[in-house]
Amino acid sequence: MGCGNSTAAGADTNNNKSNSKQVNSVKAAGNKQALVVVANGTANKRAENDDGNSNLKQEPEIEEIDVPNLLSGYHVPKEPENRKADIFNKDKMKGVDALARQTPDDLADSYEGLISHLTSNCKTDVEKVRAIFIWMANQDIDGADYSKVTGNDTPRGVMKLMKENKASYSSFFALLCRQAEIECVVIDGWAKAAGYKVGDSETELKKYRNSWNAVYIAGGWRLVFPLWACSAVVGHSTGAFTKVEAKGQAVREKEVESSGVTVKHFNEYYFLTDPEAFVYIAFPDQARWQLLSRQWDFAKFSDVPYARPEYFNLKVDIRSKFSGRLKSTDGECHIELACGDPSNMGMTYELYYNHLESGHEIDANLQLNNYVLLNRAGNRWDFGIRFPEAGVYKFQILGGKGYETDLCAFKITVDEAMADCKPLPFNPGKVGYGPTMDTEIAGLKAVSHKTGIVKMFANKTMEFNFTLTRDIVVRTELLHATIAKEDLQKYCKMTQKFRNVSVQVSVPEDGEYALALHAQQKNRSDYDNVCNYLLTSEKKKKKREWENPIEKRTRNNVSVLAKAKGTKCVEELEGEIEKFQKLDMEDKGELQAAQDALEYKKDQKCLKDAINRRNLEKLEIAIKQGHNSRFKDKLSRLIEEAEELRNHLVHLNKIAHDILEMKQSTISELRSYKSPPNVIFDIMQSTFLILGEQNEQLEVWENLQVLMGKMGKESVIRRVKTFDTVNVKPAVQQKVEAMLNKYSEFESRAASAGAGTFYCWLRDVCIAIEQTEPPAGSDP
């Protein structure tokens, strides 16, 4: 890492290392500039602020090889037009991976021999980069014996330096990619390695210098972090935290400071990571290498929550304040998350006390048992944390589908403990409070109460109604933190008539109670907890016989907005509901109705937005969310419309397959005609006509040649890939069909294989247009 050359992308100033090197040899490949410069000197050492502690490691600041960060002629850095999932399929790389892992060891003695072997069966640049990446990850760099290696001008020679911490993974990866004629940049910056703690100051975060790469493949720049993909440190601990609560259970586990042990570890996530996720953990010196159209500043990088890989893989979204540095209000803090596809998704938490930043240890007599309220609603998880002691905390959220891993973390500063802070009535685990899709899957559908927190008054009965969707036996419990459940049995009665279940509940005194419902499945002896409600009772306030103007207006607004058609008022309704709750007004049915309406409108809006955007990924997410919604029946028409559109777009992708696989040389062949046969002229004219070009411009072959010669986003292959029939006018369709009727597929292929491929695509597009029915219309 060092000399940044002047390039087509502008001068690269990543040369921010403070070392001066004596050049003693240069290795170049083909027409590449200064692939590697081997340097003398013994002044190479890690930066003083790097103590080697890293859950995710740090690269050496100073190296004995000098690899230019950037070579001249490279493409300008900008956000890629598509995502990793669009260009990379792990299952289709099994052959590439297998060949890379089986590479003979002696090939590491030559760049030419190694790269020739790795790329021998590769058809695309993506496959070439993958082969290099897998080969690197398969090398036991720290465990190998390099005692007989002399010189640094071979892959093995560089790996020897890497073991000695005198060369970086990012530099080595760049050397290998450039040998394979892949544009590869070394990016210097800061990355959230092991010593990082969520909420650290900008000054603390700037200790973590690191480097990674960007490769230009599949028409865009992609990010790779070879160091983190190939190794990790286990057993690392800052020694700052004491775990005090996990999954509702009180614990007291104080961390012991440890630098940990470096291990060989493969992490797929850091290969072609999407820029919008990568920026959460790595921040480049030069903002343009964020590869984002809307760039972050360092203040935002240091402030965001600590989001881990599965946060992005599972499409989790933070709905509460988007910051990794939170402050409690009156000793309480709320963090809300949502998941695009909540089916089979579970979330839980761990709470840590930072005794170093708090200035003292947490009270030894304090047991934090059930101080976190997990409230569930639809695809959302709301964590309400109560703090009986002031101090600095870390809140770690875990989750997954059939497994459990870190999702995200927050730093919470508590200046004042919650007054009269008491634990919750019981530990509901991942089930949390509130009915969800999992409740319905278990066989119980909530009819009367759709949210997990219910206000009531002592000695006043409240009725909860449910419908059985499966053949199950239901058992109920009323629970309190200090009152024995046996003493509360008489306050909770259940009746069942056919598939309708009614639970009548009252509470003997003010406080917090939990109504727990358990289901016994057919042919099973045990019960599973499937739904819980937190019942909060307080002294009944003396009713006012009147409401002030603000309260009247708020009650009216909530009612009107809840009944309004469409989704334009979603944010306004959300604001009025919040105002209603802050005013602590009596709910005469308006609040519950508004909360139901808000949830429905959000699900409705998600589907409508996906349909309007005609984006396949958004449609998939919206369809799943619609099927998991409590309002699935009301949304059925929109779900059906979204599914039809999804199927249509998938079909368009399929019929475009042969063109997308077409080589540029085939386009060049078509373009090379000075006076093409009529069949080729007509087919290419029709192709650009259906892609949206004006008919007048397509009457001259030279104009068609210009269009075929365009590259990048405007290339004909790229335009076919992003094509959508929604923009095709009937007159255009008729003109294209008239052309198709003039020729047969045989005639078009006889004239040119490329023209035959476009002919078949045009034919299939016209059929797809005919099969597309008008939208079914929107839900009310």
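Heads up: the structure comes first, above all this text.
Residues numbered from 1 in each chain as written. Predicted model: local features only at pLDDT ≥ 70, side-chain atom pairs only at ≥ 80, totals over all residues. Heavy atoms only, no water.

Enquirer: I would appreciate a short explanation of the sheet that holds strand 23 (residues 453-456) in the present structure.
Expert: Hydrogen bonds along the backbone pair up the strands of a sheet, which may run parallel or antiparallel. One open sheet accounts for four strands, arranged 23-29-28-25; its pairing is mixed. A strand with exactly one partner marks an edge of an open sheet, and here the two such strands are strand 23 and strand 25 (472-479). Each neighbouring strand pair of the sheet contributes to a mean axis angle of 25°, computed without reference to strand direction. The pairing of strand 25 with strand 28 (residues 511-521) spans eight bridges and is antiparallel. Within strand 28, the position partnered with L479 by the bridge is A514. (Pairing = 2+ DSSP bridges. Helix = DSSP H or I, 4+ residues; strand = E, 2+ residues; numbered from the N terminus. Axes fitted to C-alpha atoms, helices over the stretch in contact; angles between N-to-C directions.)

Enquirer: What is the right way to read the sheet that holds strand 5 (residues 209-217) from this model?
Expert: Within the open sheet, the five strands sit side by side as 11-6-5-4-12. Their pairing is antiparallel. Of all the strands in the sheet, the pair left with one neighbour each is strand 11 (271-273) and strand 12 (282-284). Taken over all neighbouring pairs, the strand axes of this sheet differ in orientation by 50° on average, direction set aside. Direction of pairing for strand 5 relative to strand 6 (residues 220-224): antiparallel, over a ladder of five bridges. Residue pairing in the sheet places N213 in a bridge with V224 of strand 6. Contacting strand 5, strand 6 and strand 11, helix 4 (residues 125-137) crosses the sheet at an angle of about 145° to strand 5. (Contact = heavy atoms within 4.5 Å.)

Enquirer: Would you mind going over the environment of V501 with me for this structure?
Expert: Structurally, V501 is set in strand 27 (residues 500-505). Placed 36 residues apart in sequence, V501 and N465 show a C-alpha to C-alpha distance of 5.8 Å.

Enquirer: Got a minute to help me understand the nonpolar core in this structure?
Expert: Generally speaking, a soluble globular protein has its nonpolar side chains buried in company with each other. The biggest cluster of nonpolar side chains holds 121 residues, and the ones touching the most others in it are W135, F173, V215, F395 and I397. Examining the composition of this core, we find that nine residues originate from one element, helix 4, more than from any other. Ignoring anything within four residues of it in the chain, the contact list for W135 reads A100, T103, A108, L114, L118, P155, M159, F172 and L176. Core analysis: the second largest hydrophobic core is formed by 55 residues, F631, L691, W701 and W761 among them. (Core = buried A, V, L, I, M, F, W, Y, C linked by side-chain atoms within 4.5 Å. Buried < 20%, exposed > 50% of the residue type's maximum accessible area, 1.4 Å probe, protein only.)

Enquirer: Help me understand empty space enclosed by the protein, please; the structure alone is not making it clear to me.
Expert: Think of a ball as big as a water molecule: rolled over the atoms, this probe shows where empty space is left. Applying the stated criterion across every chain, the model contains eight cavities of 30 Å³ or more. Lining of the largest cavity is provided by 15 residues; of these, Y349, V372, N427, P428 and G429 occupy positions nearest its centre. Residue classes in the lining of the largest cavity are distributed as nine nonpolar, five polar and one charged. The space that makes up the second largest cavity amounts to roughly 80 Å³. In terms of lining residues, the second largest cavity is bounded by P342, G378, N379, R380, M437, E599, D603, Q625, N628, S629 and R630. Contributions of two or more residues to the lining of the second largest cavity are made by helix 17 (590-613) and helix 18 (616-628). Within the lining of the second largest cavity, the residues separate by chemical class into two nonpolar, five polar and four charged. (1 Å grid on protein atoms, 1.4 Å probe; cavity = no way out; pocket = protein on both sides within 12 Å on 5 of 7 lines; lining within 4 Å. Points joined across faces, edges and corners; volume = space filled by probe spheres on them. Nonpolar A, V, L, I, M, F, W, Y, C, P; charged D, E, K, R; others polar.)

Enquirer: Can you help me understand the packing of aromatic side chains in this one?
Expert: Geometry of an aromatic ring pair is reported as the spacing of the ring centres plus the angle between the planes. Overall, the coordinates contain 35 aromatic pairs when judged by the stated rule. Centre to centre, the rings of Y74 and W221 are 6.0 Å apart; their planes meet at 50°, and the pair counts as tilted. Residue Y74 is found in the loop between strand 3 (65-66) and helix 1 (84-87), and its partner W221 is found in strand 6; the two are separated by 147 residues along the sequence. Across the pair, W221 and Y74 agree in class, each one buried. Between Y269 and Y270, the aromatic rings sit 5.2 Å apart at their centres with planes inclined by 85°, giving edge-to-face as the arrangement. On the basis of relative accessibility, which here comes to 13%, the residue Y269 falls in the buried class. In this structure an aromatic cluster arises from ring pairing among W212, F225, W228, Y269, Y270 and F278. (Phe/Tyr/Trp six-rings, centres within 6.5 Å; stacked < 30°, edge-to-face > 60°.)

Enquirer: Would you mind showing me how to read the environment of K160 here?
Expert: Relative to the helices and strands, K160 is located in helix 5 (residues 155-163). Residues K160 and V149 lie 11 residues apart in sequence; the distance between their C-alpha atoms is 7.6 Å. If we skip the residues at most four places from it in the chain, K160 touches Y146 and V149.

Enquirer: Sorry if this is basic, but what is going on with the pattern of salt bridges here?
Expert: Any two side chains of opposite charge can pair, so long as their charged atoms come close to each other. On inspection of all chains with the given rule, the structure shows 44 salt bridges. Measuring nitrogen to oxygen at the nearest pair gives 3.3 Å for the salt bridge that ties K207 to E204. Owing to a relative accessible area of 32%, K207 belongs among the partly exposed residues under this scheme. For K247, the salt bridge identified is with E404, shortest N-O distance 2.8 Å. Here E404 lies in the loop between strand 20 (391-400) and strand 21 (405-414) and K247 lies in the loop between strand 8 (241-246) and strand 9 (249-254), a separation of 157 residues in the sequence. Its relative accessible area of 33% is what places E404 among the partly exposed residues. Connected via shared salt-bridge partners are K90, D97, R130 and E268. (Salt bridge = Lys/Arg side-chain N within 4 Å of Asp/Glu carboxyl O.)

Enquirer: Just checking my understanding: could you explain the packing of helix 22 (residues 678-690) against helix 23 (residues 701-709) for this structure?
Expert: To characterise two packed helices, one gives the angle between the axes of the helices and the distance between these axes. Look at helix 22 against helix 23: their axes get within 11 Å of each other, and the N-to-C directions meet at 60°. Classified by the angle between their axes, helix 22 and helix 23 sit oblique to one another. Considering only the axes of helix 22 and helix 23, their crossing is left-handed. Contacts between helix 22 and helix 23 involve I680, F681, M684, Q685 and F688 from the former and W701, L704, L707 and M708 from the latter. Taken together, the residues of the contact of helix 22 with helix 23 sort by class into eight nonpolar, one polar and no charged. (Parallel < 35°, antiparallel > 145°, perpendicular 65-115°, else oblique. Left-handed = near helix turned anticlockwise from the far one by under 90°.)

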